[in-house]
Amino acid sequence: MSRTTILPGSLQAGQQATLGVMGGGQLGRMFVQAAQAMGYFTAVLDPDVTSPAGLISHYHVQTDYLDQAGLAQLTQRCAAITTEFENVPAGALQTLGAHRLVAPAADAVRIAQDRASEKAHFVGCGVACAPYAVIDSVQALAAVDAALLPGILKTARLGYDGKGQVRVATRADLQAAWDELKHVTCVLEKMLPLKAECSVIVARGRDGVMVNLPVQRNQHRDGILALTEVFDGVLPAALCEQAINATKAIAAQLQYVGVLCVEFFVLDDDTLVVNEMAPRPHNSGHYSLHACDQSQFDLQVRTLAGLPLTQPRQHSPAIMLNLLGDLWLTQGAEPVTPPWAAVLALPGTHLNLYGKLKPSKGRKMGHLTVTGATIDQVRHTAQQAASLLGLASS
C-alpha cells in the first residue's frame, strides 16, 4: 500500500478520514454517497445552500470556488479532494493541490475545459477527431476551409449539454453565429454522418493501473443525454475495443488520476471519432450503480483514496433513462409528481432522484435504470417505463 493511501475508517485528528469534492450537484452527491458507504467522512465546497451533495455531506463549505477562506477550510478538513464538474476553476484545484492530494489534477482539468486544447490533446494521442478549426480572430474566421461546412460552432470554454453551440451551413451562418457568441474563442467542427454515439469510462490510479466500464451507447435530444444502453452487442466488439483503447491512451498521455469519460461518434462507415472528454464521472455511467459490481463513483473513491483498482463486472444488461424537469411540468407551471408508483411496479426498475428542490425544463432531476436477466426483458421494461413517463425509449 502506498504511503498516500487513505484507508476507509482510518482516524485522523480523532475522526474518520475525510474526502472532499469541489461542486455540490448530483455527481458530487453520488460520490459522497459512495464515500460514506465505505466509511469516509465527506466535505463539499459549493456556493448553493441547497446543493444536492451539500445537503447530505458531513461538511458543506458554502463559498465560491475561488474563495481563499473556503479553499483553506476544505484543505483543513480533507485528506484528498476531487471535482464533480469540469468547470470548477483549474486555479482553485491548483491551490488545493499545493497542500493536498487532488485527483484529477488541475492540469488535466484545464485541458478538458478548453475545446481547442482538448482537440490538440486528442490529435497528440493519435486518436481521430472530426476535422476542425479554431476561430479566435477575424483572420481565423476568414481563413476557415469551406470543407468544414456545414459544421457546428462551439465555444471553446464553458459549453455543456448543448449550450454554446450553433449549427452553421454557410459562411454567412458562421459569421452570424460567431457574432451571436460574442466573438469568444470557438471551435468549428465539421458535421459528419453519424450512426451512433457512445462513451467509455476509465479509472486510472496513481500507480498507472487502469480499469474500465463497458462501452455505453448513448442517445441525445436537444444536446442533453436522454438514453444510455449497456449490454453485450450494443455495438460491434471491434469498435468497442477501439473506443476503450483510445480512452486509455487519452488518460495515459495526461498521466491522469481519477475517473475519466470520453465520448465518441460512430460514423456511417463504422469508423470512430472522438468528440470530447469529461474529467469526472459522467451521466452515461449512472447505470453502473445498479448493473455493475462497482459503480463509477466507487471507482472515483478508490482513485482518490489510492485504493487498489479491480476491473468492474457488469452483471445485468441495463438501459438508463435521463429524467429532466420537464417530467414534473407536464400540466403547466406548477410541478406534478410523475407516476413513480406505476414505474416502480415494473420489474428491475431503479429510481435515483438527485434531491433538487425545484424542477425546470432541461434540468437533470434524476435517472431511471432498468436491469434484467435478458436484453429483451430490459428493453421491454424500459419501453413500458418510458410510456408511463411520456418519454421516447429509442
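Residues numbered from 1 in each chain as written. Predicted model: local features only at pLDDT ≥ 70, side-chain atom pairs only at ≥ 80, totals over all residues. Heavy atoms only, no water.

**Some points on the nonpolar core**
- Ranked by size, the top nonpolar core spans 47 residues in total, and within it Val215, Leu235, Ile250, Leu260, Phe264, Val274 and Met277 carry the most contacts.
- Per-element accounting of this core gives the leading share, 7 residues, to helix 9 (residues 237-253).
- Residues within four places of methionine 277 in sequence aside, it is in contact with Ile111, Ala112, Glu118, His121, Phe122, Ile250, Leu254, Leu260, Cys261 and Val262.
- With 23 residues, the next largest nonpolar core counts Ile6, Leu27, Phe31 and Phe297 among its residues. (Core = buried A, V, L, I, M, F, W, Y, C linked by side-chain atoms within 4.5 Å. Buried < 20%, exposed > 50% of the residue type's maximum accessible area, 1.4 Å probe, protein only. Helix = DSSP H or I, 4+ residues; strand = E, 2+ residues; numbered from the N terminus. Contact = heavy atoms within 4.5 Å.)

**Some remarks on the environment of aspartate 107**
- Position of aspartate 107 among the secondary structure elements: in helix 5 (residues 106-112).
- In the structure, aspartate 107 is positioned 148 residues away from glutamine 255 in sequence and 9.9 Å away in space, judged by C-alpha atoms.
- A distance of 2.9 Å separates a polar atom in the side chain of aspartate 107 from a polar atom in the side chain of arginine 110. (Polar contact = N/O pair within 3.5 Å; in protein donor to acceptor, adjacent residues only side chain to side chain.)

**Let's talk about helix 8 (residues 171-180)**
- Buried within helix 8 we find Leu174, Ala177 and Trp178. Projected down its long axis, helix 8 carries its buried residues within an arc of 100°, all on one side. Exposed residues lying more than 90 degrees from the buried face of helix 8 are Ala172 and Glu180.
- On its buried face, helix 8 is in contact with strand 8 (132-135), helix 7 (138-142), strand 9 (151-155), strand 10 (165-168) and strand 11 (186-190). (Arc of directions from axis to C-beta.)

**Here's the deal with the sheet that holds strand 8**
- Read from one edge of the open sheet, 4 strands run 8-11-9-10, paired in antiparallel fashion. Only two strands of the sheet have a single neighbouring strand rather than two, namely strand 8 and strand 10. Strand after strand, the sheet turns through a mean of 20° between neighbouring axes, direction not considered.
- Strand direction decides the pairing type here: strand 9 and strand 11, joined by 5 bridges, are antiparallel. Each residue of the ladder has a partner; that of lysine 154, found in strand 11, is valine 187.
- Where helix 8 meets the sheet, it contacts strand 8, strand 9, strand 10 and strand 11, and its direction lies at approximately 165° from that of strand 10. (Pairing = 2+ DSSP bridges. Axes fitted to C-alpha atoms, helices over the stretch in contact; angles between N-to-C directions.)

**A look at the pairing of strand 17 (residues 272-278)**
- Within strand 17, 6 of the 7 residues are buried, which leaves the element mostly enclosed by the surrounding structure.
- Two strands pair when backbone bridges link them, and strand 16 (residues 258-267) and strand 17 are joined in this way by 6 bridges, in the antiparallel orientation. When the bridges of strand 17 are listed, phenylalanine 264 appears paired with valine 274.
- Remark: 4 residues form the turn of the hairpin made by strand 16 and strand 17, two consecutive strands paired antiparallel; aspartate 270 in that turn has positive phi of roughly 70°.

**Brief notes about the sheet that holds strand 5 (residues 59-61)**
- Spatial strand order, 5-4-3-6-7: 5 strands in an open sheet with parallel pairing. The open sheet is flanked by strand 5 and strand 7 (101-102), the only strands paired with a single partner.
- Summarising the sheet, strand 3 (residues 18-22) and strand 6 (residues 80-83) pair through 4 bridges and their orientation is parallel. Bridging from a neighbouring strand, leucine 19 pairs with alanine 80 of strand 6.

**Brief notes about the side chain of arginine 115**
- Its location among the elements puts arginine 115 in helix 6 (residues 115-124).
- On the accessibility criterion, arginine 115 (6% relative accessible area) is buried.
- A polar side-chain atom of arginine 115 sits 2.8 Å from a polar atom in the side chain of glutamate 276.

**Quick look at the packing of helix 3 (residues 68-77) against helix 4 (residues 90-97)**
- The interhelical angle for the contact between helix 3 and helix 4, taken along N-to-C directions, is 45°, at an axis separation of 10 Å. The angle between helix 3 and helix 4 places the two elements in the oblique class. Taken as a pair, helix 3 and helix 4 cross one another with a handedness that is right-handed. Residues Gln68, Leu71, Leu74 and Thr75 of helix 3 form the contact with helix 4, whose participating residues are Ala92, Thr95 and Leu96.
- Grouping the amino acids of the contact of helix 3 with helix 4 by side-chain chemistry returns 4 nonpolar, 3 polar and no charged. (Parallel < 35°, antiparallel > 145°, perpendicular 65-115°, else oblique. Left-handed = near helix turned anticlockwise from the far one by under 90°. Nonpolar A, V, L, I, M, F, W, Y, C, P; charged D, E, K, R; others polar.)

Coordinates in, geometry out; function isn't part of it.
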